[in-house]
Amino acid sequence: MTALVERPGMAVPSRLGRFAALVAVADPAVRESVTRTLRMLGAVNVEHATSVAQARAMARTGPRALFIADAGLPDGSGAQLVSELRSAGWNRCVVLSSNADPFAVRGAVAAGVRCYLVTTRPEGVGFEGRGGENGVDSLSEREVEVLQHVADGRSNKDTGALLGLSALTVKSHLARIARKLGTGDRAEMVAITLRAGVIQ
């Protein structure tokens with residue numbers, strides 16, 4: 001799974017020890033995979049919706065730690081719903097889509113989406129992140145600093161400016177982190193290290 005868009009204020013729970021989430025996905029298989037991953041990351045309450053209308057009604061109970069929506073729900077746009085819920089206080093939102101077309105991504109960004117994940121993936125590779133050979137414990141102090149800035153939604157360029165590094169060096173750090181954690185997806189890297197308590 002590849003994160004195409006991660007804007008400032010990227011949507012991830014502040015701590016993934018125990019959190020609640022709302023998942024709006026119509027496809028049962030994808031919904032089950034997302035739910036399984038969230039529970040693995042520490043979710044104690046995962047509620048499900050299969051349409052924009054159902055998700056909107058369920059969201060009225062108040063912001064949870066995380067909202068995940070399919071971009072193409074049966075009765076409307078998950079990206080537009082994310083924009084609506086963000087204005088209602090749901091600051092941590094992710095849009096899932098099988099469409100990597102630049103125009104689709106641009107439309108999601110225009111709707112206020114901060115994290116856009118493409119769900120197409122090689123056969124046999126699930127939604128869950130793969131475990132790396134070295135793991136979280138092998139991360140260097142600098143790599144942890146880089147990940148903290150990624151969790152805060154900063155770009156490679158902004159992270160480099162704050163740490164006195166070039167954007168290319170930040171990219172190199174992220175490549176090493178990806179090898180250690182077994183995933184090149186920035187959102188998954190953040191989730192793994194949040195759960196381990198390495199970053200906040």
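Residues numbered from 1 in each chain as written. Predicted model: local features only at pLDDT ≥ 70, side-chain atom pairs only at ≥ 80, totals over all residues. Heavy atoms only, no water.

Going by the annotation in an unreviewed UniProt entry, the name recorded for the protein is LuxR family two component transcriptional regulator, with Kineococcus rhizosphaerae given as the source organism.

Chemist: I keep staring at the overall build of the protein and nothing clicks. Help me out?
Modeler: Within the protein, the regular secondary structure consists of eight helices and eight strands. Looking at the protein as a whole, 48% of its 200 residues qualify as buried. For the protein, the share of sequence-separated contacts (at least 6 apart) that also reach a separation of at least 24 residues comes to 69%. (Helix = DSSP H or I, 4+ residues; strand = E, 2+ residues; numbered from the N terminus. Buried < 20%, exposed > 50% of the residue type's maximum accessible area, 1.4 Å probe, protein only. Contact = heavy atoms within 4.5 Å.)

Chemist: Sorry if this is basic, but what is going on with the packing of aromatic side chains here?
Modeler: Counted according to the given criterion, the structure contains one aromatic pair. Aromatic side chains F67 and W90 sit 5.9 Å apart centroid to centroid with 70° between the ring planes, which places their arrangement in the edge-to-face category. In this pair, F67 sits in strand 4 (residues 66–70) while W90 sits in the loop between helix 3 (78–87) and strand 7 (93–97), placing the two residues 23 residues apart along the sequence. Both residues of the pair, F67 and W90, count as buried. (Phe/Tyr/Trp six-rings, centres within 6.5 Å; stacked < 30°, edge-to-face > 60°.)

Chemist: Help me out: how do you make sense of the side chain of D70 in this one?
Modeler: For D70, the location among the structural elements is in strand 4. Here D70 sits buried without a salt bridge, and the closest side chain of opposite charge, R31, lies 8.5 Å off (N-O distance). Look past the residues within four positions of D70 in its chain and what remains in contact with it is A24, V25, G78 and L96. (Lys, Arg positive; Asp, Glu negative; His and termini not counted. Salt bridge = Lys/Arg side-chain N within 4 Å of Asp/Glu carboxyl O.)

Chemist: For this particular structure, what's the right way to read the side chain of R186?
Modeler: One can find R186 in helix 8 (residues 186–195). A distance of 2.8 Å separates a polar atom in the side chain of R186 from a polar atom in the side chain of N156. (Polar contact = N/O pair within 3.5 Å; in protein donor to acceptor, adjacent residues only side chain to side chain.)

Chemist: It is not clear to me how helix 2 (residues 52–59) should be interpreted in this structure. Could you clarify?
Modeler: Since the α-helix turns once every 3.6 residues, residues separated by three or four places project in the same direction. Buried within helix 2 are the following residues: V52, A55, M58 and A59. Projected down its long axis, helix 2 carries its buried residues within an arc of 135°, all on one side. (Arc of directions from axis to C-beta.)

Chemist: Before we go on, may I ask you to explain the pattern of salt bridges in this structure?
Modeler: In a structure, side chains of opposite charge can pair up when their charged atoms sit close to one another. Under the definition given, this model contains six salt bridges. Two residues, E32 and R36, come together in a salt bridge whose shortest N-O distance is 3.7 Å. With E32 and R36 both in helix 1 (residues 28–40) and four residues apart, this pair spans about one turn of that helix. On the basis of relative accessibility, which here comes to 43%, the residue R36 falls in the partly exposed class. Residue R154 pairs with D152 through a salt bridge whose shortest N-O separation is 3.3 Å. Taking relative accessible area as the criterion, D152 reaches 37% and is therefore assigned partly exposed. Several salt bridges share partner residues, and in doing so they unite E143, R176 and K180 into one network.

Chemist: How should I be thinking about the environment of V113 in this particular structure?
Modeler: The residue V113 is located in the loop between helix 4 (102–110) and strand 8 (115–118) in this model. Accessibility expressed as a relative area gives 1% for V113, which makes it buried. Each C-alpha atom, one on V113 and one on S83, is 6.6 Å from the other, the two residues being 30 residues apart in sequence.

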